[in-house]
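Residues per chain are reported as follows:
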Amino acid sequence: QVELVESGGGSVQAGGSLRLSCAASRFTYSHFCMGWFRQAPGKEREGVAAMNTGGGRAYYADSVEARFTISQDNAKNTLYLQMNSLKPEDTAVYYCVADLNAYFGCPNWPSYRTFGKWGQGTQVTVSS
């Protein structure tokens, strides 16, 4: 069973950058979908970005396209989210997620209900 641990959150001024990391362990599947969701008080849970560990296209929310980049380092079993040009509306708790049933791509993106494994979350705060 995969375990996910996020890190890299913090406080930054608008226009700044942060890089989130998700360390994954106990892999039992060769390919599956991994990504990031975020949750802010008073807002719906939002899928931010996702990709399959086996490669292929990346998926992004319209609100972060061209500003955020998802990537992975298979040798380190780590998923990353590079966040540039941050805005106050990016403030949220960011969760690393995994859909272990998605062997190819992320076919159910951006439905959060298909991601059965979630990390503990890391807070990102962007001030103006």
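Heads up: the structure comes first, above all this text.
For the structure given in this document, a descriptive report is provided here.

Cut-offs applied
- Residues numbered from 1 in each chain as written.
- Predicted model: local features only at pLDDT ≥ 70, side-chain atom pairs only at ≥ 80, totals over all residues.
- Heavy atoms only, no water.
- Disulfide = S-S within 2.5 Å.
- Helix = DSSP H or I, 4+ residues; strand = E, 2+ residues; numbered from the N terminus.
- Buried < 20%, exposed > 50% of the residue type's maximum accessible area, 1.4 Å probe, protein only.
- Contact = heavy atoms within 4.5 Å.
- Polar contact = N/O pair within 3.5 Å; in protein donor to acceptor, adjacent residues only side chain to side chain.

### Points about the state of the cysteines
Part 1: Enumeration according to the criterion identifies 2 disulfides in this entry.
Part 2: A sulfur-sulfur distance of 2.1 Å marks the disulfide that ties Cys 22 to Cys 96. Its torsion about the S-S bond being -80 degrees, the disulfide of Cys 22 and Cys 96 is classed as left-handed. Residue Cys 22 is located in strand 3 (residues 18–25), and its partner Cys 96 is located in strand 9 (residues 92–99); the two are separated by 74 residues in the primary sequence.
Part 3: For Cys 22, a relative accessible area of 0% translates into the label buried.
Part 4: Across the disulfide from Cys 33 sits Cys 106; the S-S distance is 2.1 Å.

### Topic: the environment of Asn 84
Part 1: Note on placement: Asn 84 falls in the loop between strand 8 (78–83) and strand 9.
Part 2: Overall, Asn 84 belongs to the partly exposed group, its relative accessible area being 30%.
Part 3: Asn 84 sits 31 residues away from Phe 115 along the chain, and the two C-alpha atoms are 25 Å apart.
Part 4: Among all residues touching Asn 84, those that are not within four sequence positions of it are Gly 16, Ser 17, Arg 67 and Phe 68.
Part 5: A polar contact of 3.0 Å, which involves the side chain of Asn 84, links it to the side chain of Gln 82.

So yeah, pure geometry; function would need other evidence.
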